[in-house]
Amino acid sequence: MSRKLRFFKDQISKAGLMSSSRTELQPDIDLEDLEIQLAEHEHELIEMNSNSDKLRQSYNELLEFKIVLQKACGFLVSNHSRVVLDERELRENVYSNDAYVETVSLLEQEMRPQSSNSSGLRFISGIICKSKVLRFERMLFRATRGNMLFNLAPADEQIMDPVSADMIEKTVFVVFFSGEQARTKILKICEAFGANCYPVPEDISKQRQITREVSSRLTDLEATLEAGIRHRNKALASVADHLAKWMNMVRREKAVYDTLNMLNFDVTKKCLVGEGWCPLFAKTQMQEALQRATFDSNSQVGIILHPMDAVESPPTYFRTNTFTNPYQEIVDAYGVARYQEANPAVYTTVIFPFLFALMFGDWGHGICLLLGALVLIARENKLSTQKLGSFMEMLFGGRYVLLLMALFSIYCGLIYNEFFSVPFHIFGASAYKCRDSSCRDAHTIGLIKYQDPYPFGVDPSWRGSRSELPFLNSLKMKMSILFGVAHMNLGIVLSYFNAHFFRNSLDIRYQFVPQMIFLNSLFGYLSLLIVIKWCTGSQADLYHVMIYMFLSPTDNLGENQLFWGQRPLQIVLLLLAVIAVPWMLFPKPFILKKLHTERFQGRSYGILNTSEVDLEAEPDSARQHHHEEFNFSEVFVHQMIHAIEFVLGSVSNTASYLRLWALSLAHSELSTVFYEKVLLLAWGYDNLVIRLVGLTVFAFATAFILLMMESLSAFLHALRLHWVEFQNKFYHGDGYKFRPFSFASLTEDDD
């Protein structure tokens, strides 16, 4: 039935008809009756297609014959003085004993048994595809060794291929030759190249008579074909009205049988046994549904639902809504969570759009993104029922992600004080002023502070000053490190909650604790130095402090000392970081080996299986715990790789968060370039056309480069920070999704 429905669908699409989606007015039908209907429709349609193909084949042959008559006769008339007279002379010599009065065609002569027709000049006319003409002519020339005359004329009409329904260009040909052997060769070559040969009489009156007969038959065939097509389209239209419902019925029935095939018979062969996964909250609903099914089907056997132990890990299922689903999809693209491990999507919901906004901080661009997100959300009901393109479907699916990214971008843009790269005095007057009224030396000498700092965000007077780039670089770079260290610490803390939930004290003592110590002894200390430097206004070089903390920890810090007791604290932190590396590496493998030895000590023999309770014969028993060999070297190498990866990753991951600074700076500078070099430059002219051109270029550059390409770049970098720098601290991602049986999840691909 599915094959027949696919056949109907192909026929309907070829006919250019649309299948109706109105299923509410269609009466219900049993599957058995549907099978009979489909068989009848298929038989009728195949018969109509067969008749139509035969009629089309006859129509094509007549049309080709008509074209050949029109074109070939032109060759014969044009060569009348040279060819036809010679042929008559030959006929008079060869057929002197025959009672022929009027001239007959060469092909008609060939049909008669004659004694010496091998010496006459003959011709074969036909039609061939235009793409094969060159090879056809070359083959004829070689086969006849050049003893032939080949004439061509393009056909005025295209002819439909009955198989592919494509219109094909064809060419009429006439081949003049001499001899029976040449005729045999030419006919074989025509057959090999798919050329159709047609007899053309030489007499003009016969040509006109045959042309009239062919034209009348063509007219009759056209009417017959059109009537057949109308009848076929009417039959297809009646099928198209019910096609969607029928396909849905068959698809559901196939899904039901596919699920039933997963069940097994019990011992008595009287009922089916199925094993599956079910969320705890849906257990009551399942029992009610099974009881209702038992009652509706009048089953004599009651349905039994009982929990069972399982060796394999259960699937993972997170209940999501329209808002949280795209964030869960972002996490699942990296890997589905292991059963009951911490779900990163909870934190991704807020942290992901915020990290995006750090790179895309401009409240003018943020407002543009916000308007786009609000349009998608406002038209949610309408767009959800439409078939969108791949790009629009991605945007619509992430509309709530886009909403939060836009809101956070507006917030970060207010902090950066950038509106399309232009600063505004939103929260009061600037804390700085120029040295004179002309402000000529603002970019060379600098500004003078005359009041308290700007209340919120970056002071607008920094723009265009001598210290703008060094100040913003320092601010964004240090801010990136602070957010990166906080983000990685959150990942390590989540690894503690995973270990605590699974009661894995070894991971807490020998992974979580040394990882926290190592990360915060180095980069947590760097974050502390950044905050102290901001609070005190110190001029200490933090690069110098961190480098010489490793190279010469006992040397005097001098002017790079930020607080009292800094040098002994650095020595203690360095020792803790050095101790944390073997702490991560050595204890856990040896403790695992000791626990394994104690657990299986004295168990050199396996437990004998009794005849009454054969554990291996119980397929649904979870007591099949086989004694696996403990490979100490494998465990040790795995732990060593994990420790080295964390130590080296702490450095590379912290440096990776500097992309927050780099992309934010790139976005700001690009905005400045487009504003100053396009918009302001065009606005400096008094010509209205130049101003409009500048405004148009600025709008397109903002829309396509800053709003599309830059936002996509920031999105991908924020995605990388979550997948690599954050999730690798705690997330295994080696689970598999819970996929319940559902008619709603069936698609056309499931056929």
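Residues numbered from 1 in each chain as written. Predicted model: local features only at pLDDT ≥ 70, side-chain atom pairs only at ≥ 80, totals over all residues. Heavy atoms only, no water.

1. Examining the overall build of the protein chain
Note the following rule: The numbering of helices and of strands both runs from the N terminus, where a helix is a DSSP run of H or I of at least 4 residues and a strand a run of E of at least 2. Pairs of residues are marked as contacts when any of their non-hydrogen atoms sit within 4.5 Å. For every accessible area listed, the method is Shrake-Rupley and the probe measures 1.4 Å; residues are considered covered only by the protein chains on display.
A count of helices and strands for the protein chain gives 22 helices and 10 strands. In the protein chain, 76% of the contacts between residues at least 6 apart in sequence involve partners at least 24 apart. Per element, the accessible surface of the protein chain, about 45000 Å² overall, is 59% carbon and sulfur.

2. Focus on the UniProt feature "transmembrane region" (unreviewed entry) in the protein chain
Let me state the cut-off plainly: UniProt positions are given in the numbering used here, feature names are shortened, and annotations may be inferred rather than shown by experiment.
Feature annotation in UniProt places "transmembrane region" (unreviewed entry) on residues 350–377, 398–416, 479–497, 517–534, 569–586 and 688–709, given in this structure's numbering. Annotation note: span residues 398–416, helix share 95%, strand share 0%, distance between end C-alpha atoms 26 Å. Helix makes up 94% of residues 569–586 and strand 0%. Its end C-alpha atoms lie 26 Å apart.

3. Here we look at the pairing of strand β5 (residues 170–178)
Looking down a regular strand, the side chains alternate between one sheet face and the other. Note the cut-off: Burial here depends on accessible area, computed with a 1.4 Å probe over protein chains only, as a share of the maximum for the residue type. Under 20% is buried, over 50% is exposed, and the range in between is partly exposed. In this description, strands pair whenever DSSP reports at least two bridges between them.
Of all 9 residues that make up β5, 8 are buried, and the element is covered over most of its length. Here strand β1 (residues 121–129) pairs with β5 via 9 bridges, running antiparallel. Within β5, the position partnered with isoleucine 127 by the bridge is valine 172.

4. Quick notes on the pattern of salt bridges
Let me state the cut-off plainly: Here, a salt bridge means any Lys or Arg side-chain nitrogen found within 4 Å of an Asp or Glu carboxyl oxygen.
A complete count under the given rule lists 13 salt bridges for this structure. Here lysine 170 ties to glutamate 64 by a salt bridge, and the two come within 2.8 Å at their closest N and O atoms. Of this pair, lysine 170 sits in strand β5 while glutamate 64 sits in helix α2 (residues 31–78), placing them 106 residues apart in sequence. Its salt-bridge partner being glutamate 180, residue arginine 183 comes within 3.2 Å of it at the nearest N-O pair. Here arginine 183 pairs with glutamate 180, and both are found in helix α6 (residues 180–192), just 3 residues apart, close to one helical turn.

5. Notes on a nonpolar patch on the surface
What counts, and what does not: Within this analysis, patches are made of residues with over 30% relative accessible area and no salt bridge. Like charges are joined at 9 Å or less; nonpolar side chains (Val, Leu, Ile, Met, Phe, Trp, Tyr) at 5 Å or less.
A surface patch of nonpolar side chains, amounting to about 800 Å² of accessible area, comprises Phe391, Met392, Met394, Phe700, Phe704, Ile705, Met708 and Met709. Elements with a contribution of two residues or more to the nonpolar patch: α13 (390–397) and α22 (688–726). Considering each element in turn, the nonpolar patch owes the most residues, 5 residues, to α22. With respect to the secondary-structure elements, methionine 394 resides in helix α13. Residue methionine 394 is classed as exposed on the basis of its relative accessible area of 54%.

6. Section: the packing of helix α5 (residues 133–144) against α6
To keep things clear, this is the line we draw: To define axes, lines are fitted to C-alpha atoms, for helices over the stretch in contact only, and angles between the resulting N-to-C directions are given on a 0 to 180 degree scale. Note on terminology: angles under 35 degrees are roughly parallel, angles over 145 are roughly antiparallel, angles of 65 to 115 are roughly perpendicular, and the others are oblique. The handedness criterion is simple: a crossing whose near helix is rotated anticlockwise from the far helix by less than a right angle is left-handed, and one whose near helix is rotated clockwise is right-handed. Polarity classes work like this: nonpolar for Ala, Val, Leu, Ile, Met, Phe, Trp, Tyr, Cys and Pro, charged for Asp, Glu, Lys and Arg, and polar for all others, with Gly in that last group.
Contact geometry for α5 and α6: axes closest at 10 Å, N-to-C directions at 155°. In terms of orientation, α5 and α6 fall into the roughly antiparallel class. Here α5 runs over α6; the crossing is right-handed. In this structure, α5 contributes Phe136, Met139, Leu140, Ala143 and Thr144 to the contact, and α6 contributes Lys185, Ile186, Ile189 and Cys190. Of the residues belonging to the contact of α5 with α6, the class tally is 7 nonpolar, 1 polar and 1 charged.

7. Observations regarding the packing of helix α21 (residues 659–683) against α22
Here α21 crosses α22 at 175°, and the two axes come no closer than 9 Å. Comparing the axis directions of α21 and α22 gives the class roughly antiparallel. Residues belonging to the contact of α21 with α22 are distributed by class as follows: 18 nonpolar, 5 polar and 4 charged.

8. Here we look at unusual backbone geometry
In this structure, arginine 145 takes a positive phi of about 55° despite not being glycine. Within the fold, arginine 145 resides in the loop between α5 and β2 (149–154). Classification of arginine 145 by relative accessible area gives exposed; the value is 75%.

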